[in-house]
Amino acid sequence: MAKGLFATYHPAVCMLFFLTAICFTFSTQHPVYVVLTCIMAGAYLVYLRGVRPFLRSLGMFIPMVLFVGILNSLFNSAGATSLWKWGPFSVTVEGLCYGLAVGGMLVAILLWFSCYNEVMTEDKFTYLFGRKLPTISLMVSMISRWIPRMVSRGHSIYDSQEALVGCYDQSKNGKLKRGIRMATVLTGLGMEDSVQTADSMCARGYGATSRTSYARFKWHVRERIVLGLLIALIVVNIVLLVTGTGSFKFYPRVSAIEPLWGYLTYALMLGLPFLVELERFKR
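Every value quoted in this text rests on a predicted model; they were computed, and no experiment measured them.

### Considerations on the overall build of the protein
When helices and strands are counted, the protein shows 10 helices and two strands. Walking the protein from its N terminus toward its C terminus, one meets helices and strands in the order α-α-α-β-β-α-α-α-α-α-α-α. Within the protein, the proportion of its 283 residues that are buried is 36%. Approximately 17,000 Å² of the protein is accessible, and the part contributed by carbon and sulfur atoms is 68%.

What follows is the structure, encoded as C-alpha coordinates:
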(Lines give C-alpha, C1' and ligand atoms only; values in the text may rest on other atoms or scores of the structure.)
Protein backbone atom coordinates (compact mmCIF):
# COMPACT_ATOMS: atom_id res chain seq x y z
CA MET A 1 0.00 0.00 0.00
CA ALA A 2 1.34 3.41 -0.91
CA LYS A 3 2.64 5.47 1.99
CA GLY A 4 1.51 9.04 1.64
CA LEU A 5 -0.14 10.78 -1.27
CA PHE A 6 3.12 11.55 -3.06
CA ALA A 7 3.86 7.82 -3.36
CA THR A 8 0.70 7.43 -5.48
CA TYR A 9 1.97 9.88 -8.10
CA HIS A 10 3.44 8.82 -11.43
CA PRO A 11 6.81 7.07 -10.99
CA ALA A 12 8.50 9.61 -13.29
CA VAL A 13 7.60 12.45 -10.89
CA CYS A 14 8.83 10.51 -7.86
CA MET A 15 12.05 9.47 -9.59
CA LEU A 16 12.80 13.02 -10.73
CA PHE A 17 12.23 14.34 -7.22
CA PHE A 18 14.60 11.88 -5.56
CA LEU A 19 17.27 12.34 -8.22
CA THR A 20 16.97 16.09 -7.70
CA ALA A 21 17.19 15.85 -3.92
CA ILE A 22 20.23 13.56 -4.02
CA CYS A 23 22.06 15.53 -6.72
CA PHE A 24 21.52 18.88 -5.00
CA THR A 25 22.64 17.37 -1.70
CA PHE A 26 25.86 16.33 -3.43
CA SER A 27 26.30 19.77 -5.01
CA THR A 28 26.93 22.00 -2.00
CA GLN A 29 28.34 21.89 1.52
CA HIS A 30 26.73 25.18 2.51
CA PRO A 31 25.71 24.72 6.18
CA VAL A 32 22.19 26.08 5.66
CA TYR A 33 21.63 23.85 2.63
CA VAL A 34 22.99 20.83 4.52
CA VAL A 35 20.73 21.49 7.51
CA LEU A 36 17.70 22.01 5.24
CA THR A 37 18.22 18.79 3.32
CA CYS A 38 18.77 16.83 6.56
CA ILE A 39 15.58 18.27 8.08
CA MET A 40 13.48 17.63 4.97
CA ALA A 41 14.81 14.11 4.43
CA GLY A 42 14.44 13.23 8.11
CA ALA A 43 10.92 14.64 8.31
CA TYR A 44 9.83 12.74 5.21
CA LEU A 45 11.35 9.52 6.53
CA VAL A 46 9.45 10.00 9.80
CA TYR A 47 6.26 10.51 7.80
CA LEU A 48 6.88 7.31 5.83
CA ARG A 49 8.18 4.99 8.54
CA GLY A 50 7.32 6.58 11.86
CA VAL A 51 9.29 8.12 14.70
CA ARG A 52 10.75 4.98 16.28
CA PRO A 53 12.59 3.65 13.19
CA PHE A 54 13.97 7.12 12.58
CA LEU A 55 15.21 7.45 16.16
CA ARG A 56 16.90 4.07 15.89
CA SER A 57 18.70 5.20 12.74
CA LEU A 58 19.92 8.33 14.52
CA GLY A 59 22.09 6.06 16.64
CA MET A 60 24.10 5.42 13.49
CA PHE A 61 23.84 8.82 11.80
CA ILE A 62 24.97 11.05 14.69
CA PRO A 63 28.22 9.11 15.32
CA MET A 64 28.86 9.20 11.55
CA VAL A 65 28.68 13.00 11.47
CA LEU A 66 30.95 13.31 14.50
CA PHE A 67 33.40 10.75 13.12
CA VAL A 68 33.71 12.50 9.75
CA GLY A 69 34.06 15.89 11.42
CA ILE A 70 36.78 14.77 13.84
CA LEU A 71 38.60 12.71 11.20
CA ASN A 72 38.71 15.62 8.75
CA SER A 73 39.92 18.03 11.44
CA LEU A 74 42.73 15.64 12.45
CA PHE A 75 44.12 15.07 8.96
CA ASN A 76 43.32 18.48 7.47
CA SER A 77 45.16 21.18 9.38
CA ALA A 78 44.15 23.99 7.02
CA GLY A 79 42.44 26.90 8.70
CA ALA A 80 43.40 29.99 10.64
CA THR A 81 41.70 29.25 13.97
CA SER A 82 43.50 26.50 15.87
CA LEU A 83 41.71 24.64 18.65
CA TRP A 84 44.18 21.97 19.65
CA LYS A 85 47.63 20.85 18.54
CA TRP A 86 49.52 17.70 19.38
CA GLY A 87 52.61 16.77 17.41
CA PRO A 88 51.79 16.61 13.68
CA PHE A 89 48.06 16.83 14.38
CA SER A 90 46.33 20.19 14.49
CA VAL A 91 42.58 20.67 14.94
CA THR A 92 41.14 23.87 13.51
CA VAL A 93 37.66 25.35 13.66
CA GLU A 94 37.52 25.49 9.87
CA GLY A 95 38.49 21.83 9.44
CA LEU A 96 35.98 20.74 12.05
CA CYS A 97 33.17 22.76 10.46
CA TYR A 98 33.97 21.38 7.01
CA GLY A 99 34.02 17.81 8.33
CA LEU A 100 30.66 18.27 10.06
CA ALA A 101 29.19 19.69 6.84
CA VAL A 102 30.45 16.71 4.82
CA GLY A 103 29.15 14.30 7.47
CA GLY A 104 25.76 15.99 7.40
CA MET A 105 25.72 15.73 3.61
CA LEU A 106 26.40 11.98 3.77
CA VAL A 107 23.64 11.50 6.36
CA ALA A 108 21.18 13.45 4.20
CA ILE A 109 22.00 11.25 1.20
CA LEU A 110 21.39 8.10 3.26
CA LEU A 111 18.09 9.54 4.47
CA TRP A 112 16.97 10.36 0.93
CA PHE A 113 17.86 6.84 -0.22
CA SER A 114 15.82 5.45 2.68
CA CYS A 115 12.85 7.54 1.54
CA TYR A 116 13.45 6.39 -2.03
CA ASN A 117 13.23 2.74 -0.97
CA GLU A 118 9.88 3.41 0.67
CA VAL A 119 8.32 5.24 -2.29
CA MET A 120 9.94 3.76 -5.42
CA THR A 121 8.89 0.13 -5.35
CA GLU A 122 10.12 -2.55 -7.74
CA ASP A 123 7.13 -2.30 -10.05
CA LYS A 124 7.62 1.47 -10.42
CA PHE A 125 11.29 1.08 -11.29
CA THR A 126 10.50 -1.68 -13.77
CA TYR A 127 7.75 0.43 -15.33
CA LEU A 128 10.19 3.30 -15.96
CA PHE A 129 13.21 1.37 -17.20
CA GLY A 130 11.90 -2.10 -18.09
CA ARG A 131 11.69 -1.44 -21.84
CA LYS A 132 14.71 0.79 -22.38
CA LEU A 133 17.03 -0.95 -19.87
CA PRO A 134 15.50 -4.42 -19.40
CA THR A 135 18.61 -6.16 -18.07
CA ILE A 136 19.59 -3.43 -15.62
CA SER A 137 16.03 -2.96 -14.35
CA LEU A 138 15.68 -6.71 -13.85
CA MET A 139 18.98 -6.88 -11.93
CA VAL A 140 18.04 -3.95 -9.70
CA SER A 141 14.59 -5.36 -8.92
CA MET A 142 16.04 -8.81 -8.18
CA ILE A 143 18.78 -7.43 -5.94
CA SER A 144 16.36 -5.21 -4.05
CA ARG A 145 14.25 -8.29 -3.36
CA TRP A 146 17.15 -10.68 -2.74
CA ILE A 147 18.97 -8.66 -0.05
CA PRO A 148 16.06 -8.35 2.42
CA ARG A 149 15.20 -12.01 1.85
CA MET A 150 18.76 -13.14 2.64
CA VAL A 151 18.86 -10.93 5.73
CA SER A 152 15.57 -12.40 6.96
CA ARG A 153 16.80 -15.94 6.32
CA GLY A 154 20.05 -15.18 8.07
CA HIS A 155 18.14 -14.09 11.17
CA SER A 156 16.04 -17.24 11.01
CA ILE A 157 19.12 -19.46 10.77
CA TYR A 158 20.80 -17.59 13.61
CA ASP A 159 17.72 -17.94 15.82
CA SER A 160 17.56 -21.66 15.04
CA GLN A 161 21.17 -22.12 16.09
CA GLU A 162 20.57 -20.07 19.22
CA ALA A 163 17.71 -22.44 20.10
CA LEU A 164 20.21 -25.31 19.94
CA VAL A 165 22.83 -23.43 21.94
CA GLY A 166 23.46 -26.42 24.16
CA CYS A 167 24.59 -28.46 21.18
CA TYR A 168 27.26 -25.99 20.03
CA ASP A 169 30.61 -24.95 21.38
CA GLN A 170 30.51 -21.33 22.64
CA SER A 171 34.25 -20.77 22.20
CA LYS A 172 35.70 -18.68 19.37
CA ASN A 173 36.16 -21.76 17.21
CA GLY A 174 32.57 -22.80 17.89
CA LYS A 175 31.24 -19.38 16.88
CA LEU A 176 33.40 -19.46 13.76
CA LYS A 177 31.94 -22.84 12.81
CA ARG A 178 28.43 -21.50 13.34
CA GLY A 179 29.19 -18.53 11.09
CA ILE A 180 30.58 -20.81 8.37
CA ARG A 181 27.54 -23.07 8.67
CA MET A 182 25.21 -20.07 8.33
CA ALA A 183 27.07 -18.82 5.24
CA THR A 184 26.91 -22.31 3.72
CA VAL A 185 23.17 -22.59 4.27
CA LEU A 186 22.53 -19.11 2.85
CA THR A 187 24.66 -19.90 -0.21
CA GLY A 188 22.74 -23.09 -0.85
CA LEU A 189 19.40 -21.34 -0.48
CA GLY A 190 20.55 -18.56 -2.80
CA MET A 191 21.66 -21.02 -5.49
CA GLU A 192 18.38 -22.92 -5.19
CA ASP A 193 16.42 -19.68 -5.61
CA SER A 194 18.52 -18.79 -8.66
CA VAL A 195 17.73 -22.08 -10.36
CA GLN A 196 14.01 -21.73 -9.62
CA THR A 197 13.98 -18.14 -10.88
CA ALA A 198 15.78 -19.12 -14.08
CA ASP A 199 13.33 -21.97 -14.72
CA SER A 200 10.37 -19.68 -14.06
CA MET A 201 11.72 -16.99 -16.42
CA CYS A 202 12.33 -19.57 -19.13
CA ALA A 203 8.82 -21.04 -18.73
CA ARG A 204 7.29 -17.57 -19.02
CA GLY A 205 9.19 -16.77 -22.19
CA TYR A 206 11.62 -14.17 -20.88
CA GLY A 207 13.55 -12.58 -23.74
CA ALA A 208 11.15 -13.79 -26.44
CA THR A 209 9.70 -10.33 -26.93
CA SER A 210 9.88 -6.83 -25.51
CA ARG A 211 9.22 -6.61 -21.82
CA THR A 212 5.93 -5.28 -20.47
CA SER A 213 4.88 -4.17 -17.01
CA TYR A 214 1.84 -5.43 -15.13
CA ALA A 215 1.49 -2.04 -13.41
CA ARG A 216 -0.12 0.78 -15.35
CA PHE A 217 0.43 4.38 -14.34
CA LYS A 218 -1.50 7.16 -16.02
CA TRP A 219 -0.77 10.85 -16.04
CA HIS A 220 -3.29 13.09 -14.31
CA VAL A 221 -3.66 16.84 -14.14
CA ARG A 222 -2.34 17.00 -10.58
CA GLU A 223 0.83 15.17 -11.57
CA ARG A 224 1.48 17.46 -14.52
CA ILE A 225 1.09 20.49 -12.24
CA VAL A 226 3.48 19.05 -9.65
CA LEU A 227 5.96 18.11 -12.38
CA GLY A 228 5.89 21.64 -13.78
CA LEU A 229 6.38 23.11 -10.30
CA LEU A 230 9.29 20.73 -9.62
CA ILE A 231 11.01 21.62 -12.91
CA ALA A 232 10.58 25.34 -12.20
CA LEU A 233 12.12 24.96 -8.74
CA ILE A 234 14.97 22.91 -10.18
CA VAL A 235 15.77 25.62 -12.72
CA VAL A 236 15.65 28.38 -10.09
CA ASN A 237 17.94 26.49 -7.71
CA ILE A 238 20.39 25.62 -10.48
CA VAL A 239 20.61 29.30 -11.41
CA LEU A 240 21.19 30.22 -7.77
CA LEU A 241 23.94 27.63 -7.38
CA VAL A 242 25.65 28.62 -10.63
CA THR A 243 25.60 32.30 -9.68
CA GLY A 244 27.25 31.50 -6.36
CA THR A 245 24.31 31.67 -3.97
CA GLY A 246 25.05 28.21 -2.58
CA SER A 247 28.80 28.79 -2.29
CA PHE A 248 30.38 28.87 1.15
CA LYS A 249 34.03 29.16 2.17
CA PHE A 250 35.47 27.17 5.05
CA TYR A 251 39.12 28.11 4.47
CA PRO A 252 41.07 30.05 5.55
CA ARG A 253 38.20 31.28 7.75
CA VAL A 254 34.57 30.22 7.92
CA SER A 255 32.34 32.62 6.00
CA ALA A 256 29.46 34.39 7.68
CA ILE A 257 26.00 32.94 6.99
CA GLU A 258 23.86 35.56 5.32
CA PRO A 259 20.05 35.45 4.98
CA LEU A 260 19.16 34.67 1.37
CA TRP A 261 15.81 34.11 -0.32
CA GLY A 262 17.38 31.13 -2.11
CA TYR A 263 17.01 29.11 1.08
CA LEU A 264 13.24 29.31 0.67
CA THR A 265 13.24 27.96 -2.88
CA TYR A 266 15.57 25.15 -1.84
CA ALA A 267 13.28 24.22 1.07
CA LEU A 268 10.22 24.32 -1.21
CA MET A 269 11.89 22.00 -3.70
CA LEU A 270 12.89 19.44 -1.06
CA GLY A 271 9.55 19.79 0.73
CA LEU A 272 7.51 19.03 -2.38
CA PRO A 273 6.08 15.76 -0.94
CA PHE A 274 4.64 17.74 1.98
CA LEU A 275 3.14 20.28 -0.41
CA VAL A 276 1.47 17.40 -2.21
CA GLU A 277 0.07 16.12 1.08
CA LEU A 278 -1.82 19.39 1.48
CA GLU A 279 -4.22 18.06 -1.14
CA ARG A 280 -5.74 15.86 1.54
CA PHE A 281 -7.09 18.91 3.37
CA LYS A 282 -9.02 19.99 0.28
CA ARG A 283 -11.08 16.83 0.26
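### Let's talk about the side chain of Glu277
Residue position: Glu277 is located in helix α10 (residues 272-277). The class of Glu277 is buried, set by a relative accessible area of 8%. For Glu277, the side chain forms a polar contact with the main-chain nitrogen of Phe6, separated by 3.2 Å. In this structure, Glu277 is in contact with Gly4, Leu5, Phe6 and Tyr47, ignoring residues within four places of it in sequence.

### Some remarks on the environment of Pro63
Relative to the helices and strands, Pro63 is located in helix α3 (residues 51-75). For Pro63, a relative accessible area of 42% gives the class partly exposed. Between the C-alpha atoms of Pro63 and Gly103, which are 40 residues apart in sequence, the distance is 9.5 Å.

### Section: a nonpolar patch on the surface
Residues Leu229, Leu264, Leu268, Leu275 and Leu278 make up a contiguous nonpolar surface patch of roughly 420 Å² in combined accessible area. Here Leu268 is to be found in helix α9 (residues 262-270). By relative accessible area, which is 34% here, Leu268 ends up partly exposed.

### Looking at the nonpolar core
Ranked by internal contacts, the top residues of the largest apolar core, which has 41 residues, are Phe18, Tyr44, Trp112 and Met269. Going through the elements one at a time, α1 (11-27), α2 (31-49), α3, α4 (93-119), α8 (221-242), α9 and α10 are the ones with two or more residues in this core. For Tyr44, the residues in contact, after removing those within four places along its chain, are Phe6, Phe18, Trp112, Cys115, Val119, Pro273 and Phe274.

### Remarks on the pattern of salt bridges
Using the criterion set out here, one finds one salt bridge in the structure. Across the pair Glu118 and Arg49 runs a salt bridge whose closest N-O atoms are separated by 2.9 Å. One end of the pair, Glu118, is in helix α4; the other, Arg49, is in helix α2, and 69 residues separate them in sequence. The class for Arg49 is partly exposed, based on a relative accessible area of 38%.

### A word on the packing of α1 against α8
Two packed helices can be described by the angle between their axes and the distance between those axes. α8 packs onto α1 with a crossing angle of 15° between their chain directions and a minimal axis gap of 11 Å. Our classification of the angle between α1 and α8 gives roughly parallel. Note that α1 runs across α8; the crossing there is left-handed. The residues of α8 that touch α1, namely those facing Val13, Leu16, Phe17, Thr20, Phe24 and Ser27, are Glu223, Val226, Leu227, Leu230, Ile231, Ile234, Asn237, Ile238 and Leu241.

### Focus: the packing of aromatic side chains
Inspection of the entire model under this criterion finds 10 aromatic pairs. Ring geometry for Tyr44 versus Phe274: centroids 5.8 Å apart, planes at 75°, classification edge-to-face. With Tyr44 in helix α2 and Phe274 in helix α10, this residue pair connects regions lying 230 residues apart in the sequence. Residue class for Phe274 comes out partly exposed when judged on its relative accessible area of 27%. The rings of Phe6, Tyr9, Phe17, Phe18, Trp112 and Tyr116 are connected pair by pair, giving a single aromatic cluster.

### Concerning the packing of α2 against α4
At a minimum axis distance of 9 Å, the contact between α2 and α4 shows a crossing angle of 30°. With respect to each other, α2 and α4 are oriented roughly parallel. As α2 runs across α4, the sense of the crossing is left-handed. The residues of α4 that touch α2, namely those facing Val34, Thr37, Cys38, Met40, Ala41, Gly42, Tyr44, Leu45, Leu48 and Arg49, are Ala101, Gly104, Met105, Ala108, Leu111, Trp112, Ser114, Cys115, Glu118 and Val119.

How each quantity is defined
Throughout, residues of each chain are indexed from 1 in the direction in which the sequence is written. Only residues with pLDDT of at least 70 get local features here, since the model is predicted, and only at 80 or more are side-chain atom pairs given and counted; chain-wide, interface and lining totals rely on the full set of residues. As a rule here, side-chain values cover all heavy atoms of the structure and leave hydrogens and water aside. Labels follow the DSSP assignment, with helices taken as runs of H or I lasting at least four residues and strands as runs of E lasting at least two, numbered in each case from the N terminus. Accessible area is worked out with a 1.4 Å probe on protein chains only. A residue is then buried under 20% of its type maximum, exposed over 50%, and partly exposed in between. Using a 1.4 Å probe, the Shrake-Rupley method yields the accessible areas, and only the shown protein chains count as cover for residues. In protein, a polar contact means a hydrogen-donor-capable atom and an acceptor-capable atom, both N or O and within 3.5 Å, with residues adjacent in sequence counting only if both atoms are side-chain atoms; elsewhere, any N or O pair within 3.5 Å suffices. Any two residues having at least one pair of non-hydrogen atoms within 4.5 Å are treated as being in contact. Patch members must show over 30% relative accessible area and no salt bridge, and they are joined within 9 Å when carrying like charges or within 5 Å when they are nonpolar side chains of Val, Leu, Ile, Met, Phe, Trp or Tyr. When a carboxyl oxygen of Asp or Glu lies within 4 Å of a side-chain nitrogen of Lys or Arg, that pair is called a salt bridge. Take the buried Ala, Val, Leu, Ile, Met, Phe, Trp, Tyr and Cys residues and link them wherever side-chain atoms come within 4.5 Å; each set so joined is a nonpolar core. All axes here are fitted lines through C-alpha atoms, helices being fitted over the stretch that makes contact, and every angle between N-to-C directions spans 0 to 180 degrees. Small angles under 35 degrees read as roughly parallel and large ones over 145 as roughly antiparallel, with 65 to 115 read as roughly perpendicular and the rest as oblique. Handedness of each helix crossing follows the sense of rotation of the near helix against the far helix: counterclockwise by less than a right angle gives left-handed, clockwise gives right-handed. Centre distance within 6.5 Å is the pairing criterion for rings of Phe, Tyr and Trp, where only the six-membered ring of Trp is used; planes under 30 degrees apart are then read as stacked, over 60 as edge-to-face, and the remainder as tilted.

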